[in-house]
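Structural overview for review
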Amino acid sequence: MAENSKLRVRTAVLSLILLCSTFSNLNLVPVAEALWLSIPSSGTKCVSEEIQNNVVVLADYYVINEDRPEHTPNVSARVTSPYGNNLHHNENVTHGQFAFTTSEAGNYMACFWLDSHQQQAGTTTLSLDWRIGIAAKDWESVARKEKIEGVELDLRRLEGTVQSIHNNLIYLREREAEMREVSERTNARVAWLSIMSLGVCIVVSVFQLWHLKNYFQKKKLI
């Protein structure tokens, strides 16, 4: 009996892993993204990510100077929400981190630039470890707090992943409904504009015929 229970648990775990792997390939599961950005000597380097509402975001960043490893320049960083609200602003640093829970759905943008007095020739590289949703959760703390480990912890992690997939599917469905509504409104406006244009053309044609008829009658051509 115990062996059958273990077999069921293992089967469930394997099924969830396969399901999560499939949806991860479809970009439906928020995952950690480690990015390497080349910061120009002048100007700003930005990255953006479309994130739905009420999602935890964690990120760490640090600067590497490939040309002069012994001299690491300072950078400034700013993170803004889809509506332009500042979520993080840091200046004259070589490393930093930010964390927030999204309150708006849309593109969240992180921008980095060299300080004006440190702009120099060469390449300045910045590493950005961007974690979203389930990838930002500290499972070690969860395991210690709830005293779970092994298969139970894996199941809890997979449960969170499945919930994240479900939330993403709901978000995509809502976005699709919004886009469909916008498309229908646009099509309706185009249809009314076409009808109005056709009506104007008919009125102008009738007026031209009436004017030509009067002109020819005055000239006694007809």
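In this text the structure is predicted, and so the values were computed from the model without any measurement.

1. Some points on the overall build of the protein chain
A tally of regular secondary structure across the protein chain gives three helices and eight strands. Ordered by position in the sequence, the α and β elements of the protein chain form the string α-β-β-β-β-β-β-β-β-α-α. Looking at the protein chain as a whole, 28% of its 222 residues are labelled buried. Here the contacts in the protein chain between residues at least 6 apart in sequence split such that 76% fall between residues at least 24 apart.

2. A closer look at unusual backbone geometry
The backbone of N54 shows a phi angle near 60°, a positive value even though the residue is not glycine. Tracing the backbone through its elements, the reader meets N54 in the loop between β2 (45-51) and β3 (56-65). Judged by relative accessible area, which is 61%, N54 ranks as exposed. Even without a glycine there, the phi angle at N92 is positive, about 55°. Mapped onto the secondary structure, N92 falls in strand β5 (residues 86-93). Accessibility expressed as a relative area gives 44% for N92, which makes it partly exposed.

3. Looking at the environment of I64
Among the structural elements, I64 can be located in strand β3. Separated by 28 residues in the primary sequence, I64 and W36 place their C-alpha atoms 9.9 Å from one another. Excluding residues that lie within four positions of it along the chain, I64 makes contacts with W36, T124 and T125.

4. Looking at the UniProt feature "transmembrane region" (unreviewed entry) in the protein chain
Mapped onto this numbering, the UniProt entry gives "transmembrane region" (unreviewed entry) at residues 190-210. Helix makes up 100% of residues 190-210 and strand 0%, and the two end C-alpha atoms of the span are 30 Å apart.

5. Examining the nonpolar core
One finds I51, Y61, F98, F112, L126, L128 and W130 to be the most contacted residues of the largest nonpolar core, which totals 23 residues. Only β1 (33-39), β2, β3, β4 (75-80), β6 (95-101), β7 (106-114) and β8 (124-132) provide two or more residues apiece to this core. Leaving out residues up to four positions away in the same chain, F112 has contacts with L37, I39, G43, T44, K45, Y61, S76, A77, L126 and L128.

6. Topic: the sheet that holds β2
Overall, antiparallel pairing links the four strands, which are arranged β2-β7-β4-β5 in an open sheet. A single partner strand is all that each edge strand has here, and the edge strands are β2 and β5. Geometrically, the sheet is characterised by an average inter-axis angle of 10° between neighbouring strands, direction not taken into account.

7. A look at the pattern of salt bridges
Enumeration over the complete set of coordinates arrives at five salt bridges. For E50, the salt bridge is made with R175, and the minimal N-O distance between the two is 2.2 Å. With a gap of 125 residues between them, E50 in strand β2 and R175 in helix α3 (residues 151-218) connect regions that are remote in the sequence. By relative accessible area, E50 is classed as partly exposed at 42%. D129 is the partner of R131 in a salt bridge, and the nearest nitrogen-oxygen pair spans 3.9 Å.

8. A look at the state of the cysteines
What we call a disulfide is simply a covalent bond connecting the sulfur atoms of a pair of cysteines. Under the definition given, this model contains one disulfide. Two residues share a disulfide in this structure: C46 and C111, whose sulfurs sit 2.0 Å from each other. Torsion about the S-S bond of the C46 and C111 cystine: about 110°, corresponding to right-handed handedness. Residue C46 is located in strand β2, and its partner C111 is located in strand β7; the two are separated by 65 residues in the primary sequence. We classify C111 as buried; its relative accessible area is 14%.

How each quantity is defined
- Residues numbered from 1 in each chain as written.
- Predicted model: local features only at pLDDT ≥ 70, side-chain atom pairs only at ≥ 80, totals over all residues.
- Heavy atoms only, no water.
- Helix = DSSP H or I, 4+ residues; strand = E, 2+ residues; numbered from the N terminus.
- Buried < 20%, exposed > 50% of the residue type's maximum accessible area, 1.4 Å probe, protein only.
- Contact = heavy atoms within 4.5 Å.
- UniProt positions renumbered as here; feature names shortened; annotations may be inferred.
- Core = buried A, V, L, I, M, F, W, Y, C linked by side-chain atoms within 4.5 Å.
- Pairing = 2+ DSSP bridges.
- Axes fitted to C-alpha atoms, helices over the stretch in contact; angles between N-to-C directions.
- Salt bridge = Lys/Arg side-chain N within 4 Å of Asp/Glu carboxyl O.
- Disulfide = S-S within 2.5 Å.

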